[in-house]
Each structure stands twice: as structure tokens, then as C-alpha cells.
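# Examination of the molecular architecture
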Amino acid sequence: MWIREEWEGQTCGGETMSEWQTHEAGERIVPRPYAERFALPDERTGNGWPSPNRFLRHRPLAGKKRFDFGEFAAEYVIRGIALLSICAIFGIFYYVFQESRWAFRGGGESVQETAGAGSRGNENAQAASGAGQEEEIRPQTYGLPETAGESAAETGASGVSREADAIEEGRRTSLHSETSGNDEPVTLERLLLPNDIIDNEPRYVWQPISVVPKYSFVPLFVGALKVTLVGISIAAPVAILAALFMTTFAPRWLREIMKPAIEILAGFPSVVIGFFCLITVASVIQEITGATYRLNALVGGIGMSIAVIPIIFTVVEDSLSTVPRHMREASIALGASRWQTAWRVVLPAAAPGVFAAVILGIGRAFGETMIALMATGNAAQVSWNILESVRTMSATIGAEMAEVEFHSVHYGVLFLIGTVLFVVTFSLNAFAEFVVRKRLIKRFQGR
Amino acid sequence: MSDTTDIKISTRDFDLFYGGKQALRGITVDMYRNHVTALIGPSGCGKTSFLRALNRMNDLIDGVRIAGTVTIDGVDIYDRNVDVVELRKRVGMVFQKSNPFAKSVYDNVAYGPRVNGIRDRARLDEIVERSLRSAALWEEVKDRLRDSALGLSGGQQQRLCIARCLAVNPDILLMDEPASALDPLSTAKIEELIFELKRNYTIVIVTHNMQQAARVSDYTAFFYLGELVEYNRTETIFTNPRQKQTEEYVTGRFG
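Residues numbered from 1 in each chain as written. Chains lettered and ligands numbered in written order. Predicted model: local features only at pLDDT ≥ 70, side-chain atom pairs only at ≥ 80, totals over all residues. Heavy atoms only, no water.

Right, let's get into the pattern of salt bridges. All names here are of chain B. For the coordinates displayed, the defined rule picks out 29 salt bridges over all chains. Taking the shortest distance from any N to any O, the salt bridge between Arg33 and Asp6 comes out at 3.0 Å. Of this pair, Arg33 sits in the loop between strand S2 (21-32) and strand S3 (36-40) while Asp6 is found in the segment before strand S1 (7-18), placing the two residues 27 residues apart along the sequence. Residue classification places Arg33 among the partly exposed residues on the basis of a relative accessible area of 29%. A salt bridge links Arg159 to Glu140; the nearest nitrogen and oxygen atoms lie 2.9 Å apart. Separated by 19 residues along the polypeptide, Arg159 in helix H6 (residues 154-166) and Glu140 in helix H5 (residues 138-141) bring together distant segments of the chain. (Salt bridge = Lys/Arg side-chain N within 4 Å of Asp/Glu carboxyl O. Helix = DSSP H or I, 4+ residues; strand = E, 2+ residues; numbered from the N terminus. Buried < 20%, exposed > 50% of the residue type's maximum accessible area, 1.4 Å probe, protein only.)

Glancing now at the interface of chain A and chain B. Contact residues are listed per partner, giving 21 residues for chain A and 29 residues for chain B. In total, about 2,100 Å² of surface goes out of reach between chain A and chain B, with carbon and sulfur atoms giving 59% of it. Three residues, Ala333, Leu334 and Arg344 of chain A, lead the burial of chain A against chain B; their summed loss comes to 31% of the area buried on that side. Among the ionic pairs, Arg52 of chain B bridges to Glu329 of chain A, the shortest N-O distance being 2.8 Å. For the pair chain A and chain B, the interface holds six residue pairs in polar contact (both at pLDDT 80 or more). At the level of secondary structure, the elements contributing two or more residues to the side of chain A that touches chain B comprise helix H16 (325-333), helix H17 (338-349) and helix H21 (409-445) of chain A. In terms of residue count, H16 of chain A provides more of the side of chain A that touches chain B than any other element does, eight residues in total. Of the residues that constitute the side of chain A that touches chain B, the class distribution is eight nonpolar, eight polar and five charged. (Contact = heavy atoms within 4.5 Å. Buried area = accessible area lost by both parts, 1.4 Å probe. Polar contact = N/O pair within 3.5 Å; in protein donor to acceptor, adjacent residues only side chain to side chain. Nonpolar A, V, L, I, M, F, W, Y, C, P; charged D, E, K, R; others polar.)

So, in C-alpha cells, the structure goes:
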């Protein structure tokens, strides 16, 4: 009844209220009108009741706006720093990208002078002229030269049949003197197609500092892919299950110890992990598998997984713990066990986050250098056996960049590897973000 | 309480603690089969804690201790031998905030049967249809079973949650303010549904809405500060309560 009267007081306003008060004043205690009980500052309402805050004075609504230099400066400094960092990132990308032009242009002072335009035609002409001048023929020179047929190059299907032609042409065009031979510009073809013949089989060879340098990306890419796949296929299940355990099953005290412990592991120096793999894991793995090569893709992959598990764990844990509690409860209340709840409700609801975590892990493993350098054996070869040594793209940069001749072809090729690494990681993330994740969100969260 | 209807749920001197804080004190109450029991009382008085104690949802919260007994069909549900998962299948629960899974309407209802091992397509279809019909939702959603449940309206979502509960074939339905977030029309539908459902189920409902308690329930328990102040037939509670506190609360004088 009280409530009703207060309500009426509010809706009727002061005028009606007072009438009503006189009408029934004798019978009941009538509460103060709404406007009085929640009095607004008096200069605005003019209702005579003192404001609870007499210190705050309102300025005219349409007057001059307040200007606070501190706020203004802070805003612009922050904005500037943000823009600057974005610019810096693009600057780095641009630098890496444009340094890789040396791969296609060839180094040496003379080339730098003549190849101003840096076009393909110039290079061809130059290479040909170089071949004309030099008649020296060395044994075991099977390097593929660039060919004029650009369109045919892309298919790469007719590998072996083209091989003979290529070698022929190679003899004619691509043989140079010691000095300029090392600096012959590369083409996409030479990076991606078989560039050597050993035992009558076309091979992909990475020999950047042989007499005839061979720059095939294929073994490096295969190596990076192998190590990444091994690493992620160990790390993803372990990290996801660990996060699931941590959010769903672990008692609170265990969670409070384990979560920071695993997250601290994320800041672990990769050199230490690499060292550990090099010394300990490699021995254990060789003991178990009987591998011929002590350092191989499996050992490297295990090292990667150690580096990547904390990252995936942290992101997955976050996305699992944001699954609303009521969803979990609904499942439990329907007679689902904790595992069923975790597996069928919590994990699907967190699927976009889990996916993002795995992509993040793949990116990290693909670019990880130190562990790859220390624990994978660094032998560039194409094979799908995980017990053979591999050389990853990032490890190649790490190993060779310090000794490479400035602005040589080799130098450019290393930057090209950097570009590829960047492009791969970037497109992986873009694909993850814009295609798969959207679809997952739509599927699992119905938005 | 002169009824001789058989007793479905019965508690004796039931205490519940959250850590050191006692939330329920000595609750002794008998609830009857195929009747609706309403739990009323001001916020924080322990109604929801009590409701959640009836299917041991409180087990999920750290630091909860209990004393006393809760028996359902004569079995002490806090006994060591009781399978909690089995208990929760028997005692379904509808939450205050409708909480469908982020799955299709069909998968929401089929979730319970599926986790209980029913895989057969035809059986699942039958269960889903019958559950949705029981929850008076079938006509509205039969053409959009494959759509996300999150696309339904609030009232429909809540009825979907009820359907989801019914699909695991419970004896008892616990409802924690099932209509508090709904508009009057949806509320009316839920109340009609409760009236229908009590033929087959024993229902315990927490509500803040006095009229709702009066409309849907057969028995009403008034909780205050963790204690059961009064428990009686709903008419008695609302027309002729024994305790002064109860009278003040149901007439809206406090709370």
C-alpha cells in the first residue's frame, strides 16, 4: 500500500498530490512526494529542497566547452605512439621485402650500377652476356638456369623431361667465373623447381655457398612444415586438455598453482629449451626410436611444443573460463558428467578461442628460430620421415645471415625467406581470423 | 498440511553453509507428489540455496557444507552411495536466466538423451518432439529445429529449457524464478505449462512474485533469513497465515 501511494505521488505531480493529501490526510500517513524525496539540485528544479551536493555548479549547457590541456596532450601522445608503432611494423616489413630484391637482381658492384631498373629482361641479358664471356666449364654443374618460358615454369609438372633441356641450356648460359658465378640472380623457378640431379632423380637442393649456388626453398619449407606439424600435434592436444582440466576439474588450490606456473613457462628463453632438447631430449628420443640422426624433426618438434604449449594453454584457458557458468550448470543439471559437460558444451562454446590459440601456436612454431637451430640438425633435405634431420626457414636465416656477403644474391634470398615467413604467418592469421573463426562463431555461438 | 498425499521430497533439520556463513538453518519440510510447492521470501533468504540443494547443484560451489538430510522417495540424496549424475536426471532444473546451449533447438533438447547414451535417430526425433510438445513449444519451433536456440525469444528459450529438462524424464522439476525475466504473456504461458506439468511431475518453484505463487502453487513455503518461517497450503499462507512475518510479507508490507 505504501508502494502504491508513492507511485501515485510521482505520477500525479505536486499539484494533485497536495489535493490528495488534504483529502485523506486525516486517515493515513502519506509519504513525501517522489520529487521531494529525490530532490535534484535546487537551481535546476527550484523546488526549494537543498541539493545533497552544493559544491558542484553546473555550467550552461550551450556555453564554451572546457579545454583540458593534459587530456588533450595525453590523447594525442597515445594516438601518435600507436600510429608510430604501426608505421614501424610496416617499415620493417617493407625493409625485409625490399632487401629481398637482391635475390632477383644479383649483387656485385657492377650489377648494382647497371641494373637500375632491375627488370627480368636486364638480368637475362646480363646473365647471357656473362656466359658468353666466360668459357670455363666445371664438372658437376647442374644448376638450373632461368628460362625464357615463364608460363611453362609455373606448371612444373614436366619436371624431368624439361630437365635435359634445362641442363643443356644451363651449360650454355649459366656458367660463370668464380666471382660472378656466385652472384647469379635467382628466379622463382630456381627457388621452387628441382635444381639438381643426383642418381638420375631431380632433387631440391639448398647449397647457397657451393661453387654453383643452389637456392631451393623446398627443403627449407618442408623442414619448417615438418617441425611445425610435429610441434603443434604434440602441443595442441596437451595444451587444450590441460586447459580443460584446469577450468573444469582442477580444485581451486591446484589451479592457483598451476596456471601461473604454466604461464611463466611462456616467457622461458627458447635457447634454454633448445639446449635442453639438444642435450637431453635428443638422447632420450634416439634411445627410444633408434634414429640414425640424433638431432631430427621429432626432437625439434618436441622443443617447439615446449615453447608453444604455454601460449596455447593461456589463450585456451581464457576462452574456456569465459564460457558462461550457467551453460555448464545447465548441462550438469541434465545429468551430464563433468567430462561430457566439458567436451560437449564448454569446448564447443569456446571453439573460436581454441582455434585462435592453435593458429597462434602454429605461427609461433613456424617462426621459432633458436630451438630449430639447435635441435633439428640443420640438414636441408626433402623427406617426410620425422626421424631425419631438417633445416627450417627461420633457422636458415639465423644460421647464414651473419656470414652472408652484403647485397649478394644469397643475402637477398635470405631476406626472401624472411618475406615468405612473414607472408605465411600473416595469411595464416588472416585466414584464421576472417574465414574460419567467423564460421566457428556462427556455428557454435549462433551469432 | 493435513493432506495424506504421499511425500516426494522431505528434508529434516537441513543446514547449509557457504564456508563459514550459514545460509540455511534447520529446514524441515515435506513436499508432495504431483503438487507444486512455491518457495517465497526476500532476496538472500536461502530459497535458491535450498532449491539447488535438492539436486545437489551446490556441490559445484567450493566450500559448501551441509548437515541434516534430504530424502527423495525415501533415499537420502546426500548419502555416499548416491550417484549424483543419476540424481540430477531425476531432478531436473530450470534456471532463472534461460540458458540454452549455443546449439540448434533440436540439439538442445536432444542433449540430455544423448549424454545418456541414446544415439538412435528415430528415438531422438520422437523424444525431441514429445518434449517440445510437453513444453508447449512444438508448434512455434517445429519449422526451425535446425536453427540456433539463441534466436528464439526469451519466453521461448525458457520453455526450451523446460523441454530440455523433460527430455531426460525427470520426476521432479526445480524452477528457479523461471519467469522473472519474461514479459507477462510469456509468464502466463509458463504458468499454464506448470499447471499442465504437475499432473506428471512434482514441481518446486522459487518465485518473487506473490501473485504467481498464489496462482500456480498448491503449497507455499516462506523463507526468511535462512529459516523456514511457515509452510502450508497456499490458500492458508495467503489468506490466513499463522506467522505475522508471513502476513507482512505476502501482503507486501516488507521485503
